[in-house]
Structures are given as structure tokens and as C-alpha cells.
Amino acid sequence: MSVEAISDRLRAAGCVFAEDEARVLLESAGSAAELAAMVRRREAGEPLEQIVGWAEFLGHRVTVEPTVFVPRRRTELLARAAIRAAGAARSVVVVDMCCGSGAVAAAVLAEIPGAEVHAADIDPAAVACARRNLPNGTVHLGDLYDPLPDRLRGGVDVIAANAPYVPTTELDLMPPEARLHEPPAALDGGPDGLAVARRIVAAAPAWLAPTGTLMIETSERQADALRAAATAAGLTAHIETDDDRSATVLIARRART
Ligand SMILES: C[S@@+](CC[C@H](N)C(=O)[O-])C[C@H]1O[C@@H](n2cnc3c(N)ncnc32)[C@H](O)[C@@H]1O
């Protein structure tokens, strides 16, 4: 099959970047039969990244396994902020909270190979995938901070989290790729979308080093409420945005006493 033939089929199935995707499928398939199967899966709405098994994130390929959240390009703002904050510390400890595939932690390790990187997720499929992406990190299975080793309390330089933040009532409005192929627990942020993020913020002061930084991806409309939660937890917070990627990140530090 040619790029043109594949992109015609993908365009008819509603893929916006049909030609780019056609090239990726052609490059990834090992045989004509595999290519035909991949095109059929994409026509049926499966995310391209889950079909080919990788996503590009901050210039690197991250392994993406079926049912694991596909890392979004907007999350590169969070990863860049984590790298920037981690780069300033001498012997740095970084936690990728709600890690999914571990894309954020992998980006940190690619830039700072000596960092002590921990990643955590409640979904065993995500943890298995993150372990493949983080051979030099430690990946924990469990609810938020619960599975982290106790010795990290008060000593984490960077906590970076892209937790679920879609309000429950808006899950049905998500594109089918997310709604049907990513687990609800990866998307559902509770009534106002901030249920998980608020829990991360509330417990962060106990885990952050005195000069540590918490950063959480959020949306523009949720940013003020999340900043208020950070202030209530005793953190000093501001918001960073990248308009080109529609990305919004809360950056919070322990307030000096
Ligand atoms: C939006 S996805 C982001 C994944 C990854 N950080 C990324 O940016 O590609 C949210 C992730 O949070 C995980 N998650 C949801 N609730 C959690 C909890 N209570 N504790 C740990 N992980 C959780 C989900 O399993 C999912 O992998």
C-alpha cells in the first residue's frame, strides 16, 4: 500500500493528520499483512501510538502498550519544567506521580542520567509499561504516595504529576480514541476534575525537600482552583502556560517560614 492509499483511507475514517500517520504506519509495519492490520485498527479508532507501540515525547520514543495512556505533546511543558527544576539541585530525587507510560520520568532521565527517579501509578498495565521505559528508574504500583519508600519523605526535589483531570461529566465528550482505548482511571478527575490533583497537593509538603518543587499539569479553567489548593497546603504557587500546545502547569514550592 502506498502513502497516498493509506492516507486516503485514514482521512475517510476521520484522521486529521492522515498523511503523517500513514508514513508512521508504513515505517512501523514489518510486512504487508501487518501494515494492512495496522491500517484496519487505525480506521477503527485505535490510537496510532498504541498500534505502533511508541509515542514521540520531547524528542524521544516512549514505549506505549495497549490500554496505557498515550503521552500528549502538551505534557512536554511539565517535563521541561521538571528538568529545569531538577537541574538546579545537586543530587536530585524526582518523582513522576501518576506516571502512565513513564514519559515524564524518561525525559528527566534522558537529560539528567544521574537523577534518582521514582515513578508511581495505580494501574498495573501502566506500571509494566513504565518499567520498560525506565530501566534506570524505580517504578512503584499503588495509590499516589502510598507505594513510595518512606526514606523519601521530606527529601524529594521534584514531584511532577500529570494526574487525571477531566471532570466526570465530561468523559462522554472525549474523543473515542481516549474514551474507548484509555482507561477511565487515567482520565476521570472527579466532579470538577481536581479530585486527584488536590490529594497530590495536600500530601506534597510531607514529601518535598525544603527547596523542592511540585508541578502538576492542569487546564486553564482549573488553574485558579488548583493554585488555591496549593496555597491552602502551605505552598507558594504560580501557573506556567504554553499557548501553542494548550498546556497549563501549576508550579508550587514550600513557602519559606
Ligand atoms: C492522564 S494519565 C497521565 C499518564 C502520564 N503521566 C502521562 O502524562 O503520559 C493519568 C495516570 O494517572 C494514573 N492514576 C489515576 N489515579 C491514580 C492514583 N490514585 N494513584 C496513582 N496513579 C493514578 C492513571 O492510571 C494514569 O496512568
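Structure shown above.
What counts, and where the lines are drawn
Residues numbered from 1 in each chain as written. Predicted model: local features only at pLDDT ≥ 70, side-chain atom pairs only at ≥ 80, totals over all residues. Heavy atoms only, no water. Pairing = 2+ DSSP bridges. Helix = DSSP H or I, 4+ residues; strand = E, 2+ residues; numbered from the N terminus. Axes fitted to C-alpha atoms, helices over the stretch in contact; angles between N-to-C directions. Contact = heavy atoms within 4.5 Å. Buried < 20%, exposed > 50% of the residue type's maximum accessible area, 1.4 Å probe, protein only. Polar contact = N/O pair within 3.5 Å; in protein donor to acceptor, adjacent residues only side chain to side chain. Salt bridge = Lys/Arg side-chain N within 4 Å of Asp/Glu carboxyl O. Expected span 1.5 Å × (residues − 1). Phe/Tyr/Trp six-rings, centres within 6.5 Å; stacked < 30°, edge-to-face > 60°. Lys NZ or Arg CZ within 6 Å of the ring centre and 35° of its normal.

A separate point is the sheet that holds strand β3 (residues 93-97). The sheet built from seven strands is open, its strands ordered β5-β4-β3-β6-β7-β9-β8 with mixed pairing. Edge positions in the open sheet fall to β5 (138-141) and β8 (235-242), since each of these has one partner strand only. Along the sheet, successive strands turn relative to each other by an average axial angle of 20 degrees, direction set aside. With four bridges joining them, strand β4 (residues 116-121) and β5 adopt parallel strand pairing. In the strand pairing of β5, D121 is matched with L141. Of the strands in this sheet, β3, β6 (156-161), β7 (208-218), β8 and β9 (247-254) are in contact with helix α10 (residues 195-207), which crosses β7 at around 170 degrees.

Before going further, it helps to spend a moment on the environment of T211. Along the chain, T211 turns up in strand β7. Relative accessible area serves as the criterion here: at 63%, T211 is assigned to the exposed category. In this structure, the C-alpha to C-alpha distance between T211 and V156, residues 55 residues apart in sequence, is 9.0 Å.

If you trace the backbone, S2 turns up in the segment before α1 (3-12). Separated by 24 residues in the primary sequence, S2 and L26 place their C-alpha atoms 8.2 Å from one another. Among the polar contacts listed, one links the side chain of S2 to the backbone nitrogen of A5, at a separation of 3.0 Å.

Take the side chain of S219 next. Tracing the sequence through the fold places S219 in the loop between β7 and α11 (223-232). Taking relative accessible area as the criterion, S219 reaches 16% and is therefore assigned buried. The residues touching S219, leaving out its near neighbours within four places in the chain, are Y165 and T248.

What follows is about the pattern of salt bridges. Per the counting criterion, the structure on display carries 19 salt bridges. One salt bridge connects R42 with E177, and the closest N-O pair in it is separated by 2.6 Å. Linking R42 in helix α3 (residues 32-43) with E177 in helix α8 (residues 176-181), this pair joins segments that are 135 residues apart in sequence. Residue class for R42 comes out buried when judged on its relative accessible area of 5%. Its relative accessible area of 31% is what places E177 among the partly exposed residues. Between R84 and E240 there is a salt bridge, and its shortest N-O distance comes to 3.0 Å. Here the residue R84 occupies a position in helix α5 (residues 76-87), and E240 occupies one in strand β8, the gap between them amounting to 156 residues.

Sheet topology note: the strand β1 (residues 54-57)/strand β2 (residues 60-63) ladder contains four bridges and is antiparallel. Note on β2: the bridge partner recorded for W54 is T63. What sits between β1 and β2 in their antiparallel hairpin is a turn of two residues, with L58 showing a positive phi close to 50 degrees.

Let's shift gears to α10. Helix length check: α10, at 13 residues, gives a terminal C-alpha distance of 19 Å against a target of 18 Å (1.5 Å per residue), a fit within 8%. Of all the positions in α10, only V196, A197, I200, V201, A204 and W207 are classed as buried.

Scanning the entire structure with this criterion turns up one aromatic pair. Between Y145 and W207, the aromatic rings sit 5.6 Å apart at their centres with planes inclined by 15 degrees, giving stacked as the arrangement. One end of the pair, Y145, is in the loop between β5 and β6; the other, W207, is in helix α10, with 62 residues separating them in the sequence. What makes Y145 buried here is its relative accessible area of 6%. W207 sits in the buried class, given a relative accessible area of 4%. If you follow R61 out to its NZ or CZ, it ends over the ring of W54, 3.6 Å from the centre.

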